[in-house]
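The primary structure of each chain is shown beneath.
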Amino acid sequence: MPIFAPTVTLNNGHKMPVLGLGTWLSREGEGIEAIKAAIDAGYRHIDTAYLYRNEKEVGQAIREKIAEGVIKREDIFVTTKLWNNFFEPCKVAEAFKRSFENLDIGYIDLYLMHSPMSFKFDGWELGHVDATTKPEYADVDIVDTWRAMEELLNTGKVRSIGVSNFNSEQIARILQQCEMKPVTNQVECNPGINQRKLIEFCRKLDIVVTAYSPLGRPNYYEMDPVKVPKPALDDPRVKAIAEKYNKTPGQVILRYLVEIGTVPVPKSSNPVRLRQNIDIFDFQLTKEEIETMDGLNTGKRTVPFHVWISHKNYPFHIEF
Ligand SMILES: NC(=O)c1ccc[n+]([C@@H]2O[C@H](COP(=O)([O-])OP(=O)(O)OC[C@H]3O[C@@H](n4cnc5c(N)ncnc54)[C@H](OP(=O)(O)O)[C@@H]3O)[C@@H](O)[C@H]2O)c1
């Protein structure tokens, strides 16, 4: 039986399921199958990005599930993101059009600025981009990009706009100088960096925090245990809570993130973990257990974007 996540109402009235499927590193083919399996499992919120180069597969999987009669378009909430190379206001509409056509699902629920750091436009085909690539920086004001994002709302092709990897000062600038509020700020959030202060800042502004890398990217830790902080999945305190509820450590972490008010978007291409990750709505952590989970916060990022640290809009120099 599918399990459905409850929804949160965004500051513009649209509703977003409080748990979504991440798709970074969802490989070709595997991506389509994983997304279809996720929809069968009950996921109604999918997070992609132009950068991930899998918008076409995400769109195809959704269209196939609509054709099978499993969902209707309006049942599913799809997020994609404007990559840093396309922040010049004159590029935003074309960048959006490309994501819109890649997905080909009639409209996009949520379009995010992927970060506050603009890079020089270098063509629409992105070369290899990862934590080691340092593109040429550009100096586009986030306010100018955001105003171009606001104009997209007039096309009717996107329902909500938001930001990702913004710090509190960058959000405050948008609020002071622009008309529309972001509905969400998507940031790294897991027990190792629980973002309590940023969550509270955003809560007061009616901006939802979406939690990326909610499981602390165990795959990155395995590859580089020296640089990447150890995810909480193996922590004995998390394991003890998991045993009490007959749940897995991953489920306890995701439940914690929902209870502190965020919307986690765990990525899995594994059918068993996919199902486990959404099966978190039949138990509740006690106040003491939340405090125990809070105790795992070190503030260390799994996704620090170190290679772009010299960018003038690098967001992580301040505490939140
Ligand atoms: N806005 C941004 O800048 C930004 C940055 C990073 C990520 N994101 C978004 O956030 C999503 C999630 O973050 P992420 O992919 O970086 O990290 P994550 O979701 O914390 O971790 C994903 C890894 O955990 C494994 N996994 C999944 N469920 C598990 C479980 N229950 N127990 C143990 N391992 C489990 C997955 O492997 P299997 O697939 O084999 O299960 C995968 O290797 C991304 O996919 C992307 O959509 C956004």
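The shown structure was predicted, so the numbers you read here are calculated from the model rather than taken from an experiment.

1. Quick look at the overall build of the protein
Here's step 1: Counting its secondary structure elements, the protein contains 11 helices and 10 strands.
Here's step 2: Whereas a compact globule of 320 residues would reach a radius of gyration of roughly 20 Å, the protein reaches 19 Å, a difference of no more than 12%.
Here's step 3: Its C-alpha atoms put the protein at 55 × 50 × 35 Å along the principal axes.
Here's step 4: Out of the 320 residues in the protein, the part that is buried amounts to 55%.
Here's step 5: Expressed as a percentage of contacts within the protein between residues at least 6 apart in sequence, the contacts between residues at least 24 apart total 76%.
Here's step 6: For the protein, the accessible surface area stands at approximately 14,300 Å², while carbon and sulfur atoms represent 51% of it.
Here's step 7: One way to put it: in the protein the 40 positive side-chain charges average out to a point 1 Å from where the 43 negative ones average out.

2. Looking at the nonpolar core
Here's step 1: Formed by 97 residues in total, the largest nonpolar core has its most connected members in Leu 82, Tyr 111, Met 149, Leu 285 and Met 293.
Here's step 2: Beyond its immediate stretch of four places on either side in the chain, Leu 285 contacts Ile 241, Tyr 245, Val 252, Arg 255, Tyr 256, Glu 259, Ile 290 and Met 293.

3. Overview of the environment of Val 18
Here's step 1: Residue placement: Val 18 occurs in the loop between β2 (15-17) and β3 (21-22).
Here's step 2: Taking relative accessible area as the criterion, Val 18 reaches 10% and is therefore assigned buried.
Here's step 3: The sequence separation of Val 18 and Val 263 amounts to 245 residues, and the corresponding C-alpha distance is 4.7 Å.

4. Some words on the site of the ligand
Here's step 1: As a matter of local geometry, the ligand sits amid 28 residues, with Asp 47, Arg 217, Ser 268, Ser 269 and Arg 273 nearest to it.
Here's step 2: One of the side-chain N or O atoms of Asn 165 is found 2.9 Å from an oxygen atom in the ligand.
Here's step 3: Here Ser 213 contributes a side-chain N or O atom positioned 2.8 Å from an oxygen atom of the ligand.
Here's step 4: Secondary-structure elements contributing two or more residues to the shell around the ligand are α7 (218-223) and α10 (271-278).
Here's step 5: By residue class, the composition of the shell around the ligand is 10 nonpolar, 13 polar and five charged.

5. Some thoughts on the sheet that holds β3
Here's step 1: Within the open sheet, the eight strands sit side by side as β3-β4-β5-β6-β7-β8-β9-β10. Their pairing is parallel. Each end of this open sheet is capped by a strand with a single partner; those strands are β3 and β10 (262-264).
Here's step 2: In the sheet, strand β9 (residues 208-212) pairs with β10 via three bridges, with the strands oriented parallel. Each residue of the ladder has a partner; that of Val 209, found in β10, is Thr 262.

6. As for the pattern of salt bridges
Here's step 1: Enumeration according to the criterion identifies 21 salt bridges in this entry.
Here's step 2: Of the charged contacts, one joins Asp 294 and Arg 196 as a salt bridge, the two residues approaching to 3.0 Å between their closest N and O atoms. Placement of Asp 294 in helix α11 (residues 287-294) and of Arg 196 in helix α6 (residues 196-204) is noted, with a sequence separation of 98 residues between them.
Here's step 3: Given a relative accessible area of 24%, Asp 294 falls into the partly exposed group.
Here's step 4: Residues Asp 235 and Arg 237 are paired through a salt bridge, measuring 3.0 Å at the closest nitrogen-oxygen approach.
Here's step 5: The class of Arg 237 is partly exposed, set by a relative accessible area of 41%.
Here's step 6: Sharing partners across several salt bridges, the network here consists of Asp 40, Lys 65 and Glu 68.

7. Digging into the packing of aromatic side chains
Here's step 1: With the rule as written, the count across this model stands at 16 aromatic pairs.
Here's step 2: Centre to centre, the rings of Trp 24 and Tyr 52 are 5.2 Å apart; their planes meet at 50 degrees, and the pair counts as tilted. With Trp 24 in the loop between β3 and α1 (30-41) and Tyr 52 in the loop between β4 (45-47) and α2 (55-67), this pair connects stretches of sequence that are 28 residues apart.
Here's step 3: For Trp 24, a relative accessible area of 24% corresponds to the partly exposed category.

Analysis parameters
- Within any chain, residue numbers begin from 1 and follow the written order of that chain's sequence.
- With the structure being a predicted model, the display of local features is reserved for residues of pLDDT at least 70 and the display and counting of side-chain atom pairs for 80 or more, all residues being used for whole-chain, interface and lining totals.
- Side-chain calculation: all heavy atoms of the structure are included, whereas hydrogens and water are not.
- Counting from the N terminus, the helices are DSSP H or I runs at least four residues long and the strands are E runs at least two residues long.
- For this measure, only C-alpha atoms enter the radius of gyration; the expected value for a globule follows 2.2 Å times N^0.38, where N is the number of residues.
- Relative accessible area decides the class of each residue, using a 1.4 Å probe on protein chains only: under 20% of the type maximum gives buried, over 50% gives exposed, and in between gives partly exposed.
- Any two residues whose heavy atoms approach within 4.5 Å are treated as being in contact.
- With residues, only the protein chains shown are counted as cover, and all accessible areas are computed by Shrake-Rupley using a 1.4 Å probe.
- In this tally Asp and Glu are treated as negative and Lys and Arg as positive; neither His nor the chain ends contributes.
- Every charge is mapped to an atom, namely NZ of Lys, CZ of Arg, CG of Asp or CD of Glu.
- Among buried residues, the Ala, Val, Leu, Ile, Met, Phe, Trp, Tyr and Cys ones that are joined through side-chain atoms within 4.5 Å form a nonpolar core.
- For each residue, the test is whether any non-hydrogen atom lies within 4 Å of the molecule or strand; if one does, the residue is near.
- Polar contacts, as counted here, are pairs of nitrogen or oxygen atoms within 3.5 Å of one another; within protein the pair requires one atom able to donate a hydrogen and one able to accept it, and residues that are adjacent in sequence qualify only if both atoms are side-chain atoms.
- Each residue is assigned to one of three groups, with Ala, Val, Leu, Ile, Met, Phe, Trp, Tyr, Cys and Pro labelled nonpolar, Asp, Glu, Lys and Arg labelled charged, and all others, Gly among them, labelled polar.
- DSSP calls a pair of strands paired once it identifies at least 2 bridges connecting them.
- Any carboxyl oxygen of Asp or Glu that lies within 4 Å of a side-chain nitrogen of Lys or Arg is treated as forming a salt bridge with it.
- Geometry of aromatic contacts follows a simple scheme: Phe, Tyr and Trp rings, the Trp one being its six-membered ring, pair when their centres are within 6.5 Å, and the pair is stacked under 30 degrees between planes, edge-to-face over 60, tilted otherwise.

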